[in-house]
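Architecture and fold: a report
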Amino acid sequence: MALRNTRPAIFRPIGLSDAIDGTNAFPGAMQSLANLILASSTRGIWVPRPAAASVTSFAGFTTPGPIECLITVGRFAYGMIGTADFAGKSVPFCFDLQLSAFNAISGELSTNLPTTQATTGDWEPPTADIIDSRIIFTHPGFTGANKIGWLDISGFTSTTVTGDTHSNTTLDTLSTNVLTAGWKPGMTISSSAGDIPAGTTIKSIAVGGMSVVLSAAATGSNNGVTLTVSGGTQAAPLWGAGDTNLNNLVKRPVAVKNFNGRAYYAVPGNGAQFSDSGDPTNITNATQAITPKNGLDITAWGGLPVQQSTGGVLQALIGFQGDTEMQQITGDAAISAPNAGALAINSLGVGVGTNAPNTIAQTTLGLMFVAPDGTRYVNFIGQVSDPIGANGQGVCAPFINAINPTRMAASFNQNVYRVSVQNGAATGQPIQEYCYDFALKVWHGPHSFPSALIAANQNAAGVVSGHGFILAASGINGQLWSSAINPTVNDAYVENGAPLSWTFQTCLWPDNQEGAENSIVEMTHGLSIPANIQITVQPLDETGTPLDTVSIFGAASTGSVWGSFVWGAAPWDGFPGSFKQYQIQLHNPIVFKQMSYRMTGNSLLGFAAGNVYPKIERLGYLLQA
């Protein structure tokens, strides 16, 4: 029989909030959606996050350690990892996501590899980008003459040029300008006379391209020898390290970014130096540099298409100057001023930036990044947003209280921005992951498998497919993982050997604004519960003390016995439940001024959580004694 003097209420779980009191937050504010993500079919329905799956444990690498850099280019994941193959050094890798195999890299030497970095504390994150046919790396472990590194995937071969050797590192009297012929520093070189040692590479090429410096001295002097020069291939990349040709980088750069087909290097004390178009390791003119007028160093890059007030869309490069300012670079040096499209740099003038370079990501809203006061973005007309989710309208507190901001990592794919942070405001200061859904403009998390590095999975087919993300998990060395953010019927829920569990907890329910305590005797919750699964429900008072503990079970089912059915033709481990309202069978009336509602359980296919329907009775007194 229905209770008298009660009013039915509805709580729709919309998204995650920092709010202490749901009265002052958006309707449906949640305190926790741990390991729960939005169902793709219905707003306000939450389902378990799929488990991340190990993609590779770096077989063939000796004692693989921390992954220090990660980017994806189509089906390939590139990066740097510390190993014992070269003691104390980090080596490059190229992993084919479609074939689930590493492409063998040549050219690695202890003298051209960067020093492996510490895994704790703030750091200078290594960066990488693809420019023309080279993956260019910056790394704080490069020293001396090695200011940058690269993987050559050009497939280049030259076999017709002749020249003279001199029992030293000079090779001259070349039959053609080898700069225009496609020769580049780092490519391997040999001669028909056999007087160039095996493994020798081009160290530099002179102005005019008629002589080169070799990485090793020739063993003889011969005139008119035929020279064979080769780059790497996609299947067998060639590693090299050094400096830019013709005009060196003034200092070791802290970041690199492709802009208009040039490599833009963020050089401390010197703004940005940029390469020739289509040749990331060559700077022909000493004037190929641009310096912010405020004199501050550029510490990170982000690319952004910018909508003009008249005309079409043009490219822009955003240079972050720590958390102090941002500079917008437009145009190109090939166009002379004052013509439209000439190279220009201008401050965005908002006094905002980021100390978390690995959180910068291109999105459908613009260029997203984590500032000291929360997540912001630069939109397509160059305007900087307010912090997303400030004042209880979402998530800001973990980012404001971030420990070691330079260790934060984020990426964007499938309409979701995923960001990991060590949350100094949470008990135990855990590393957590939060997700922002662009379609519904809501946050969810904190999720339990945060990333040290993360990149969009751009591979559409093969062994590692389904889009989502490729990541290096925090605290787990020597492994890459794939992680989806959209649920499917093929998802698994065991992650790194441990079953996943979830937490669904509301913020404190809004005050009744009637100056009275409340009581609940009857309550239902819209749920889908797989067979034989137990869910635990706890109403909590303002201090987090449980007012009751209730168990809910999915419909009984024996499921299918392993080995007694054809794989793919029958469900295993019981049947997924149907979505319906379950009664929360409270043991006693719960009395509260404000309460939060917590539910926990194990992650399984078929679980879903939706609206909570309490019947709330107003009591005749203000507060309990």
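The notes below deal with the structure included here. (Residues numbered from 1 in each chain as written. Predicted model: local features only at pLDDT ≥ 70, side-chain atom pairs only at ≥ 80, totals over all residues. Heavy atoms only, no water.)

Tallying secondary structure elements over the protein chain gives one helix and 52 strands in all. Seen through its C-alpha atoms, the protein chain measures out along the principal axes to roughly 105 × 65 × 40 Å. Among the 625 residues that make up the protein chain, the fraction classed as buried is 53%. Residue pairs in contact within the protein chain that sit at least 24 positions apart in sequence constitute 62% of those at least 6 positions apart. Treating the 25 positive side-chain charges of the protein chain as one cloud and the 36 negative ones as another, the clouds have centres 5 Å apart. (Helix = DSSP H or I, 4+ residues; strand = E, 2+ residues; numbered from the N terminus. Buried < 20%, exposed > 50% of the residue type's maximum accessible area, 1.4 Å probe, protein only. Contact = heavy atoms within 4.5 Å. Lys, Arg positive; Asp, Glu negative; His and termini not counted. Charge placed at Lys NZ, Arg CZ, Asp CG, Glu CD.)

Assignment of secondary structure puts Glu517 in the loop between strand S45 (501–506) and strand S46 (518–528). Although Glu517 is buried, it forms no salt bridge, and the closest oppositely charged side chain is Lys593 at an N-O distance of 6.1 Å. Within the structure, Glu517 has its side chain in polar contact with the side chain of Gln624 (distance 3.0 Å). Residue contacts for Glu517: discarding those within four places in its chain leaves Asn512, Val591, Phe592, Lys593, Glu617, Arg618, Leu619, Tyr621, Leu622, Leu623 and Gln624. (Salt bridge = Lys/Arg side-chain N within 4 Å of Asp/Glu carboxyl O. Polar contact = N/O pair within 3.5 Å; in protein donor to acceptor, adjacent residues only side chain to side chain.)

So, about the side chain of Glu495. Position of Glu495 among the secondary structure elements: in strand S43 (residues 494–495). On the basis of relative accessibility, which here comes to 5%, the residue Glu495 falls in the buried class. Of the polar contacts made by the side chain of Glu495, one reaches the side chain of Arg49; its length is 2.9 Å. Engagement of the side chain of Glu495 in a polar contact is seen with the backbone nitrogen of Ala52, the distance being 2.6 Å. Those residues within four positions of Glu495 in sequence are excluded, and the remaining contacts are Arg49, Pro50, Ala51, Ala52, Ser448, Phe449 and Leu500.

This structure, assessed with the given rule, holds eleven salt bridges. Its salt-bridge partner being Glu433, residue Arg418 comes within 2.9 Å of it at the nearest N-O pair. Here Glu433 lies in strand S38 (residues 431–437) and Arg418 lies in strand S37 (residues 416–423), a separation of 15 residues in the sequence. Neither residue differs from the other here; Arg418 and Glu433 are each classed as buried. For Glu522, the salt bridge identified is with Lys615, shortest N-O distance 3.3 Å. Placement of the pair is Glu522 in strand S46 and Lys615 in strand S52 (residues 608–618), with a sequence separation of 93 residues.

Glancing now at the sheet that holds strand S21 (residues 238–242). Across the sheet, four strands lie side by side as S11-S12-S13-S21; this open sheet has antiparallel pairing. The open sheet has two edge strands with one neighbour each: strand S11 (127–131) and S21. Between one strand axis and the next, the sheet turns through 20 degrees on average, direction left out of account. In this structure, S11 lies alongside strand S12 (residues 134–138), joined through five bridges in antiparallel fashion. (Pairing = 2+ DSSP bridges. Axes fitted to C-alpha atoms, helices over the stretch in contact; angles between N-to-C directions.)

A few words on the sheet that holds strand S40 (residues 451–456). Taken together, the four strands give an open sheet; going across it, the order is S6-S42-S41-S40, and neighbouring strands pair in antiparallel fashion. Since the sheet does not close on itself, it has two edges, and those belong to strand S6 (53–56) and S40, each with one partner. Here the average twist between neighbouring strands, direction ignored, is 35 degrees. Note that S40 and strand S41 (residues 469–473) share five bridges and pair antiparallel. Looking at the pairing, Leu453 lines up with Ala472 of S41.

We now examine the packing of aromatic side chains. Inspection of the entire model under this criterion finds 22 aromatic pairs. With a centroid separation of 6.3 Å and 10 degrees between ring planes, the pair formed by Trp509 and Tyr597 is classed as stacked. In this pair, Trp509 is assigned in the loop between S45 and S46 and Tyr597 in strand S51 (residues 596–602), connecting sequence segments 88 residues apart. With respect to burial, Trp509 and Tyr597 carry one shared label: buried. Over the face of the ring belonging to Trp123 we find Arg407, whose NZ or CZ atom lies 4.3 Å from the ring centre. Of note, Lys580 hangs over the ring of Tyr582, and the distance from its end group to the ring centre comes to 5.1 Å. (Phe/Tyr/Trp six-rings, centres within 6.5 Å; stacked < 30°, edge-to-face > 60°. Lys NZ or Arg CZ within 6 Å of the ring centre and 35° of its normal.)

On to the nonpolar core. In this structure, Phe504, Ile520, Tyr597 and Met599 are the most contacted members of the largest nonpolar core, which totals 37 residues. With residues up to four places along the chain from it excluded, the contact list for Met599 reads Trp502, Thr503, Phe504, His525, Leu527, Ile535, Thr536, Val537, Phe607 and Ala609. If you look at the next biggest cluster of nonpolar residues, it comprises 33 residues, including Val55, Leu70, Ala455 and Leu480. (Core = buried A, V, L, I, M, F, W, Y, C linked by side-chain atoms within 4.5 Å.)

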